[in-house]
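# Results of the structural survey
The residues making up each chain are set out below.
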Amino acid sequence: MTRLDEIAEKLEQVKERIAVSAAQSGRESSEITLVVVTKVFPISDVEILKQLGVRDFGENRDADGAQKAAAIDAQWHFQGQIQSNKIKSLCKWSHVIHSLDEARHFEIMEKSAEHPLQIFLQVSLDGAKNRGGADIEKLYHLAGLVQASPRHQLKGLMAVAPLAGSVSESFSQLAKIHRDFIGEFKDATSLSAGMSGDFEEAIMHGATHVRIGSSILGSR
Ligand SMILES: *Cc1c(COP(=O)(O)O)cnc(C)c1O
């Protein structure tokens, strides 16, 4: 089996599972954007995916993303932890940021962005600091800053399910946070949630963007 065949098969399986979950929750699969997380995998895999029709790719590290985005024309997403000294570079190659959780990082984006960014704010579902994400109070403050920006667009919220506890409860908590949030930030209708292990659950709870790596590319 060639790498192309292997990736094509897994990609189809994931798309099928997305379609089934969408249908089960009374939604269209066209409402759900599949971001293929290519972190750790080579540019040749990104080329294959592009050939198979994938348009959205996600990276966790600035250096890797910069290199791949320079090689492959696509919509590039960043979902890793943001470091202040990397923001300038990040703003050059990425189009969508999923993991903004600090006002001071947004201030640098305002100053250094060369093109408009679509921004998701990462919300912490369990208060665990090491996995990123803002608490509710910080989230609203940050959203106010992004919404006031003349250039960048506030897309919505992003979260990663906590390691402990029920995924279903976590995503239902996230859905509630998002519903309340949209009450104030009406255009922030997107919800980035779901990875290989839990994307079906995330779709059931309203995810519009799923970020999937290993189910398509294999284990890292
Ligand atoms: C790595 C990563 C993903 C993709 O994870 P898989 O389990 O490989 O699908 C999605 N979101 C974030 C934030 C990640 O770090």
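Predicted, not measured: the structure shown is a model, and the values here were computed from it. (Residues numbered from 1 in each chain as written. Predicted model: local features only at pLDDT ≥ 70, side-chain atom pairs only at ≥ 80, totals over all residues. Heavy atoms only, no water.)

All right, on to the packing of aromatic side chains then. For the structure on display, the rule yields six aromatic pairs. Aromatic side chains Trp76 and Trp93 sit 6.5 Å apart centroid to centroid with 75° between the ring planes, which places their arrangement in the edge-to-face category. Here Trp76, found in strand 3 (residues 75–78), pairs with Trp93, found in helix 4 (residues 87–93); they are 17 residues apart in sequence, far enough to count as distant. Here the aromatic rings of Tyr140 and Phe185 are separated by 5.9 Å at their centres, their planes lie at 55°, and the arrangement is tilted. Note that Tyr140 is positioned in helix 6 (residues 136–147) and Phe185 in the loop between helix 7 (167–184) and strand 7 (190–192), a separation of 45 residues in sequence. Its relative accessible area of 22% is what places Tyr140 among the partly exposed residues. The class of Phe185 is buried, set by a relative accessible area of 5%. Aromatic ring contacts, followed pair by pair, group Phe57, Trp76, Phe78 and Trp93 into a single cluster. (Phe/Tyr/Trp six-rings, centres within 6.5 Å; stacked < 30°, edge-to-face > 60°. Helix = DSSP H or I, 4+ residues; strand = E, 2+ residues; numbered from the N terminus. Buried < 20%, exposed > 50% of the residue type's maximum accessible area, 1.4 Å probe, protein only.)

Before going further, it helps to spend a moment on the site of the ligand. Every residue near the ligand is listed here: Val37, Lys39, Asn60, Gln79, Met195, Ser196, Arg211, Ile212, Gly213, Ser214 and Arg220. A distance of 2.8 Å separates an oxygen atom of the ligand from a polar atom in the side chain of Lys39. Asn60 places a side-chain nitrogen or oxygen 2.8 Å from an oxygen atom of the ligand. Contact with the protein chains hides 89% of the accessible area of the ligand, taken as 390 Å² for the molecule alone. Split by residue class, the shell around the ligand holds three nonpolar, five polar and three charged. (Near = heavy atom within 4 Å. Polar contact = N/O pair within 3.5 Å; in protein donor to acceptor, adjacent residues only side chain to side chain. Areas by Shrake-Rupley, 256 points an atom, 1.4 Å probe, with all protein chains shown as cover. Nonpolar A, V, L, I, M, F, W, Y, C, P; charged D, E, K, R; others polar.)

Let's shift gears to the packing of helix 6 against helix 7. For the pair helix 6 and helix 7, the least separation of the axes is 12 Å and the interaxial angle reads 35°. The two elements helix 6 and helix 7 cross, and the hand of that crossing is right-handed. Where helix 6 abuts helix 7, its residues Ile136, Leu139, Tyr140 and Ala143 lie against Ile177, Asp180, Phe181 and Glu184. A class-by-class count of the residues in the contact of helix 6 with helix 7 yields six nonpolar, no polar and two charged. (Axes fitted to C-alpha atoms, helices over the stretch in contact; angles between N-to-C directions. Left-handed = near helix turned anticlockwise from the far one by under 90°. Contact = heavy atoms within 4.5 Å.)

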